[in-house]
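# What the coordinates show
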Amino acid sequence: REGPVGTTDKAARDEDLPGGGRFYCTPCSRYFVDGLALAEHERTKPHKRTVKRLRKDRPHSQADADRAAGLGAPDNGPRGGGR
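One structure accompanies this document, and this report is about it. Note that this is a predicted model, so its numbers are computed, not measured. (Residues numbered from 1 in each chain as written. Predicted model: local features only at pLDDT ≥ 70, side-chain atom pairs only at ≥ 80, totals over all residues. Heavy atoms only, no water.)

### Here we look at helix H2 (residues 45–56)
For clarity, the cut-off: Only runs of H or I of at least four residues qualify as helices and only runs of E of at least two qualify as strands under DSSP, and these elements are numbered from the N terminus. Here the expected span of a helix is defined as 1.5 Å times the quantity of residues minus one. Note on exposure labels: buried denotes an accessible area under 20% of the residue type's maximum, exposed denotes more than 50%, and partly exposed covers the range between, all computed with a 1.4 Å probe on protein chains only. Taken from the helix axis, the directions to the C-beta atoms give the arc we talk about. Contacts are assigned to residue pairs that have any heavy atoms within 4.5 Å of one another.
For H2, with 12 residues, the first-to-last C-alpha span of 16 Å sits near the 16 Å given by 1.5 Å per residue. Listed as buried for H2 are His47, Thr50 and Val51. Along the axis of H2, the buried residues cluster in a sector spanning 100°; they form a single face. In this structure, H2 carries Lys45, Arg49, Lys52 and Lys56 as exposed residues pointing more than 90 degrees from its buried face. Lining the buried residues of H2 we find strand S1 (23–25) and helix H1 (35–41).

Written out as structure tokens, the structure reads:
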């Protein structure tokens, strides 16, 4: 895998990053000098733990965002045939 999303274009590579920003580990958010260093990193325990943690965590949904913003389900009062 080369670079994070959107940086695989030659014009978008950043020469200030290791390896020009081409060798990126998305789960760990780290750049590497070359493909060999990235491949070695992917065999390490810290990388494997990060991948395992990310697979276990449930991604956020729009409902989660609404609840965090205080926009829960509408409260329409008690249910029933109150006349």
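### Focus on the state of the cysteines
Worth spelling out the cut-off: Whenever a pair of cysteine sulfur atoms sits within 2.5 Å, that pair is classed as a disulfide.
According to the stated counting rule, one finds 0 disulfides in the structure shown. Free cysteine: Cys25, not disulfide-bonded; nearest cysteine sulfur from Cys28 at 3.7 Å. Take Cys28: its relative accessible area is 19%, and that puts it in the buried class.

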